[in-house]
Amino acid sequence: MEGFFDGFLQGWGLLWFLINSHPAVPFILVGSFLLVIGSTIAGIIVNTIRENKLRKSGMLEVDTMSGRKFEEYLYALFKGKGYTVKITPASGDYGADLLLTGKGKKVAVQAKRYKEKVGVRAVQEVVSARSYYSVDECWVVTNSFFTEQAKKLASSNQVRLVDRKELMGWMLAEVKGAS
């Protein structure tokens, strides 16, 4: 214990020496202290806002859903956005989990409720649905994010990727519309 207090006193002695060694040092120390405190407070505020958005959006519930339940959730979400929606069979869906009609287009949607990033396979699946269902657009919608390879493949195949951030925006808009 004695060693700790000796080190502590040496540290305070060094700090006191630095403060008194140059007239600008106290201002630099106070400025640095205020910068650290301000950054910490800003981080806490940003995290609080993010957590509130997550709770309000319902994304935390989405994160616990099964894949099929996520498809049903998206069914209701897209209906609320004005689309006519059809859920495809659980197996043999030819790469589309949902078919949307409305706003002058027909869209095949591949839904991926994942904990990890969504890869190229989801993009490949929905691209295969394009000609089978004769759709105008293909989307992959996830509660997660996409790998760089998935983004590249989607770009070269004109597939819209809807990640966690965009989905949460849709969900928040739906909550606001309902209230």
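Quick note: structure is the one above.
It should be emphasised that the depicted structure is a prediction, and the values quoted were computed from it without experimental measurement.

What follows covers the overall build of the protein. Each helix and strand counted, the protein has 7 helices and 5 strands in total. Going residue by residue from the N terminus, the α and β elements of the protein occur as α-α-α-α-β-β-β-α-β-α-β-α. Residues counted as buried form 32% of the 179 residues belonging to the protein. Summarising the internal contacts of the protein: among those between residues at least 6 apart in sequence, 55% fall at separations of at least 24. Of the accessible surface of the protein, which amounts to about 11400 Å², a share of 62% is contributed by carbon and sulfur atoms.

Turning our attention to the packing of aromatic side chains. Counted according to the given criterion, the structure contains 7 aromatic pairs. Measuring from centroid to centroid gives 6.0 Å for F78 and Y83, while their planes differ by 90°, and the two rings are edge-to-face. With respect to burial, F78 and Y83 carry one shared label: buried. Three or more aromatic residues joined by ring pairs form one cluster here, namely F78, Y83, W139 and W170.

What follows covers a nonpolar patch on the surface. A cluster of nonpolar side chains, namely V30, F33, L34, I37, I41 and I45, defines an oily patch on the protein surface of about 570 Å² accessible area. Of note, I41 is situated in helix α2 (residues 25-57). I41 sits in the partly exposed class, given a relative accessible area of 45%.

Moving on to the pattern of salt bridges. Side chains bearing opposite charge may pair, as long as their charged atoms lie close to each other. Following the criterion strictly, the structure yields 8 salt bridges and no others. Residue K112 pairs with E125 through a salt bridge whose shortest N-O separation is 3.3 Å. Residue K112 is located in strand β3 (residues 105-112), and its partner E125 is located in helix α5 (residues 120-133); the two are separated by 13 residues in the primary sequence. K112 sits in the buried class, given a relative accessible area of 13%. Close ionic contact of R121 with E125 constitutes a salt bridge, the shortest N to O distance being 3.3 Å. Note that R121 and E125 are positioned in helix α5 at a spacing of 4 residues, about one turn of the helix. By relative accessible area, which is 18% here, E125 ends up buried. Salt bridges here are not isolated pairs; linked through shared partners, they connect K112, R121 and E125.

One can find Q110 in strand β3. Setting aside residues no more than four positions away along its own chain, Q110 makes contact with G95, A96, D97, A122, E125, V126, W139, V140 and V141.

Note: α-helices contain 3.6 residues per turn, so residues at a spacing of three or four share the same orientation. The terminal C-alpha atoms of helix α4 (residues 67-80) lie 20 Å apart, and with 14 residues this matches the ideal 20 Å at 1.5 Å per residue to within 8%. Two residues or fewer after α4 comes G82, characterised by a positive phi angle close to 95°.

Moving on: α5. In a regular helix each residue adds 1.5 Å, so 14 residues correspond to 20 Å; α5 covers 20 Å between its end C-alpha atoms and thus fits that length. All of the buried residues in α5 are A122, V123, E125, V126, A129 and Y133. The buried residues of α5 occupy an angular sector of 160° when projected down its axis, which confines them to one face. In α5, the exposed residues that point more than 90 degrees away from the buried face are R121 and S131. For α5, the elements touching its buried residues are β2 (98-102), β3, β4 (137-142), α6 (148-156) and β5 (159-162). S134 sits one or two positions beyond α5 and adopts a positive phi of about 50°.

This paragraph deals with the sheet that holds strand β1 (residues 84-87). Judged by pairing direction, the sheet is mixed, and its 5 strands sit side by side in the order β1-β2-β3-β4-β5 without closing on themselves. Looking at the sheet topology across the chains shown, the edges are occupied by β1 and β5. Taking each pair of neighbouring strands and ignoring which way they run, the sheet shows an average axis angle of 25°. Across 4 bridges, the pairing between β4 and β5 is parallel. Paired with V140 across the two strands is L161, which belongs to β5. Each of β1, β2, β3 and β4 touches α4; the most contacted strand, β1, lies at about 165° to it.

Rules of the game
- Residues numbered from 1 in each chain as written.
- Predicted model: local features only at pLDDT ≥ 70, side-chain atom pairs only at ≥ 80, totals over all residues.
- Heavy atoms only, no water.
- Helix = DSSP H or I, 4+ residues; strand = E, 2+ residues; numbered from the N terminus.
- Buried < 20%, exposed > 50% of the residue type's maximum accessible area, 1.4 Å probe, protein only.
- Contact = heavy atoms within 4.5 Å.
- Areas by Shrake-Rupley, 256 points an atom, 1.4 Å probe, with all protein chains shown as cover.
- Phe/Tyr/Trp six-rings, centres within 6.5 Å; stacked < 30°, edge-to-face > 60°.
- Patch = residues over 30% accessible without salt bridge, like charges linked within 9 Å, V, L, I, M, F, W, Y side chains within 5 Å.
- Salt bridge = Lys/Arg side-chain N within 4 Å of Asp/Glu carboxyl O.
- Expected span 1.5 Å × (residues − 1).
- Arc of directions from axis to C-beta.
- Pairing = 2+ DSSP bridges.
- Axes fitted to C-alpha atoms, helices over the stretch in contact; angles between N-to-C directions.

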